[in-house]
Amino acid sequence: MYTSRMMLTLRTTYQPATDLGYLLRKNPARAQSFSLTFGRAHVFYPEATPERCTAALLVEVDPVGLVRNRRGPSGEGGALEQYVNDRPYAASSFLSVAMAEVFGSALSGKSKERPELADTPLPMSVTFSALPCRGGEEFLRKLFEPLGYTVSARRLPLDEKFPDWGESAYHRVELEARLPLQKLLSHLYVLVPVLDNDKHYWVGDDEVEKLLRHGEGWLASHPEREAITRRYLKHQRSLVDDALAQLADESEPDPDAAAEARAQEEEAIESSISLNEQRLGSVLAALKASGATRVLDLGCGEGRLLQALLKEKQFTEIVGMDVSHRALEIARDRLHFDRLPPVQKERLRLLHGSLIYRDQRLAGFDAAAVVEVIEHLDAARLAAFERVLFECAKPRNIVITTPNREYNVKWETLPAGKFRHRDHRFEWTRAEFQEWANGVAARFDYHVRFLPVGPEDSKVGSPTQMGVFERK
């Protein structure tokens, strides 16, 4: 390989530049070494003057020891790949772990001696002697340039003595930016393993928490956030969906304001045919026909379906849940909850919660209604919602309604190509809804049938489409 060890240097021209030692909590006057589970790390300063200071992190990895001690990736113990690889040479997740252990205080944004400096943007330069770029220089730039870095990269040959062998997937990379050291280290901690598209250790639920913690304030708005998340979590679908759903929350509008606006706009469009009443009637009929007695209304909004459910003696336990506090307050007022007779009040509960996080309070019910909710979820959140409802809560029956995009041409007040509400992430055609519903039913062991809701047109169908799921 081109270089003998994994090397990262951090340089600043902030004056006095030697304050970098206070931020890193490593004395520029002496070299230090640290034991790691996979080798050793060394910190030293090639230069340390008031005008310019450079800190170097040198990481030594013992790949043979990793295999012998069973701390490396899973695989056959005798596989040659475990002994002959690039881990001791190229920046990877080993470097991220070393940074977290050696520069832990700086990575968390703390500085005992210079607390005000921890939040100060500094002119910083970062150099990687060998950085794997799976995806090439273009992907490298897509990761760092949106964060304000100037990127310089030179692709390394496989072997300088044998140029005919061609170029490698590794680059010598220099990054320059003006930002607090904590932000810079957080970017590196996440993006180095992303560029390598691999990790040397098992990736579990705790990695989602690490990604969200170190990506706070920048990852949710990053144009490559999905690629970053997939690679960081080693393409494990359940973890990726969970992380993307939580990242989507950071850019979501206030749920209370969104709920009020949504109700007003959708009601204005659909009022001419009293579609909401027809929709609630259809959902109520499906729930009664299922024989359910314990029912969930997920995304209950202002409580219109809850009001109808309370009138039916068949339903002995009714739970409404919504992410909007304001919507739940309106629902309480609509239902006159405080003045309900004790017997009625015992039948009803209102919960604050999100449909993209597993919630044990939702388990054990006969049926669930999800009325005009899924179209407000982006694709990543929709995947998390599927697991929450069909895998975790898994009621025997589920009724889901969503707009039929084909019918939008029937509304003169709706501009062509526009959704019925600006908060809709999508609106499906009948074929698209059926494809999604059939896929979900197959994955989670349900049957599904489809019913039209509202006046049906021979060409474009009904304004609302409904899927009725029954667990096998």
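Since this is a predicted model, take the numbers as computed values, not measurements.

Thresholds applied
- Residues numbered from 1 in each chain as written.
- Predicted model: local features only at pLDDT ≥ 70, side-chain atom pairs only at ≥ 80, totals over all residues.
- Heavy atoms only, no water.
- Helix = DSSP H or I, 4+ residues; strand = E, 2+ residues; numbered from the N terminus.
- Buried < 20%, exposed > 50% of the residue type's maximum accessible area, 1.4 Å probe, protein only.
- Contact = heavy atoms within 4.5 Å.
- Salt bridge = Lys/Arg side-chain N within 4 Å of Asp/Glu carboxyl O.
- Axes fitted to C-alpha atoms, helices over the stretch in contact; angles between N-to-C directions.
- Parallel < 35°, antiparallel > 145°, perpendicular 65-115°, else oblique.
- Left-handed = near helix turned anticlockwise from the far one by under 90°.
- Core = buried A, V, L, I, M, F, W, Y, C linked by side-chain atoms within 4.5 Å.
- Phe/Tyr/Trp six-rings, centres within 6.5 Å; stacked < 30°, edge-to-face > 60°.
- Lys NZ or Arg CZ within 6 Å of the ring centre and 35° of its normal.
- Nonpolar A, V, L, I, M, F, W, Y, C, P; charged D, E, K, R; others polar.
- Pairing = 2+ DSSP bridges.

(A) Spotlight on the overall build of the protein. Counting secondary structure elements, the protein contains 16 helices and 14 strands. Each of the 472 residues in the protein was classed as buried or not, and the buried ones make up 51%. If you take every contact in the protein between residues at least 6 apart in sequence, the share linking residues at least 24 apart comes to 73%.

(B) Structural context of the pattern of salt bridges. Applying the stated criterion across every chain, the model contains 28 salt bridges. Among the ionic pairs, Glu138 bridges to Lys142, the shortest N-O distance being 3.6 Å. Linking Glu138 with Lys142, this pair stays in helix α5 (residues 136-144), spanning four residues, or about one helical turn. With relative accessibility at 57%, the residue Glu138 sits in the exposed group. Taking the relative accessible area as the measure of exposure, Lys142 reaches 37% and is therefore partly exposed.

(C) Structural detail: the packing of helix α3 (residues 93-102) against helix α6 (residues 181-196). Where α3 meets α6, the closest approach of the two axes is 8 Å, and the angle between their N-to-C directions is 155°. Looking at the two axes, α3 sits roughly antiparallel to α6. Crossing hand, α3 versus α6: left-handed. Mapping the contact onto sequence places Ser93, Ser96, Met99 and Ala100 in α3 and Leu185, Leu188, Tyr189, Val192 and Pro193 in α6.

(D) Representation of helix α8 (residues 225-232) in the model. The element α8 is extensively covered by neighbouring structure, given that six of its eight residues are classed as buried. Looking at α8, one finds that the buried residues are Arg225, Ala227, Ile228, Thr229, Arg231 and Tyr232. One or two positions beyond α8, positive phi appears at Lys234, with a value near 55°.

(E) Inspection of the nonpolar core at higher detail. With 71 residues, the main nonpolar core has Leu10, Leu57, Phe103, Phe128, Phe144, Leu184 and Leu188 as its most contacted residues. Beyond its immediate chain neighbours, meaning those up to four positions away, Phe144 contacts Tyr149, Val151, Leu175, Leu188, Leu191 and Leu195. Leu362, Leu382, Leu389 and Phe433 belong to the second largest nonpolar core, which has 32 residues in total.

(F) Expanded view of the side chain of Asp366. Looking at where Asp366 falls in the secondary structure, it is placed in the loop between β10 (348-352) and β11 (367-371). Take Asp366: its relative accessible area is 15%, and that puts it in the buried class. In this structure, Asp366 is in contact with Ala292, Thr293, Arg294, Pro395, Arg396 and Asn397, ignoring residues within four places of it in sequence.

(G) Highlighting the packing of aromatic side chains. Tallied over the full model, the rule gives ten aromatic pairs. With a centroid separation of 5.3 Å and an interplanar angle of 85°, the aromatic rings of Phe390 and Tyr446 are classed as edge-to-face. Taken as a pair, Phe390 in helix α15 (residues 379-393) and Tyr446 in strand β13 (residues 446-453) lie far apart in primary sequence, 56 residues in all. On the basis of relative accessible area, Tyr446 is assigned to the buried category, the value being 2%. Consider the rings of Phe433 and Phe450, whose centres lie 5.8 Å apart with planes at 75°: the pair is edge-to-face. Of this pair, Phe433 sits in helix α16 (residues 430-444) while Phe450 sits in strand β13, and the two are 17 residues apart along the sequence. You can call Phe433 buried: its relative accessible area is 0%. A relative accessible area of 26% places Phe450 in the partly exposed class. One cation-aromatic arrangement involves Arg294 over Phe365; the distance from NZ or CZ to the ring centre is 4.4 Å.

(H) Spatial organisation of the packing of α6 against helix α7 (residues 205-214). The geometry of α6 relative to α7 is characterised by a closest axis approach of 9 Å and an angle of 145° between their N-to-C directions. For α6 against α7, the interelement crossing comes out left-handed. For the pair α6 and α7, contact is made by Ser186, Tyr189 and Val190 and by Lys210, Leu211 and His214, respectively. Classifying every residue of the contact of α6 with α7 by side-chain character gives three nonpolar, two polar and one charged.

(I) Layout of the sheet that holds β10. With mixed pairing, the seven strands of this open sheet are ordered in space as β10-β9-β8-β11-β12-β14-β13. The open sheet has two edge strands with one neighbour each: β10 and β13. Here the strands of the sheet are splayed against their neighbours by 15° on average, with no regard to which way each runs. Sheet analysis places strand β8 (residues 294-298) next to β11, joined by three bridges and oriented parallel. Bridge pairing in β11 links Val295 to Ala367. Helix α11 (residues 275-290) contacts β8, β11, β12 (397-403), β13 and β14 (464-471) of the sheet and is inclined by roughly 165° relative to β11. The strands touched by α15 within the sheet are β8, β11, β12, β13 and β14, with β12 carrying the most contacts at an inclination of about 150°.

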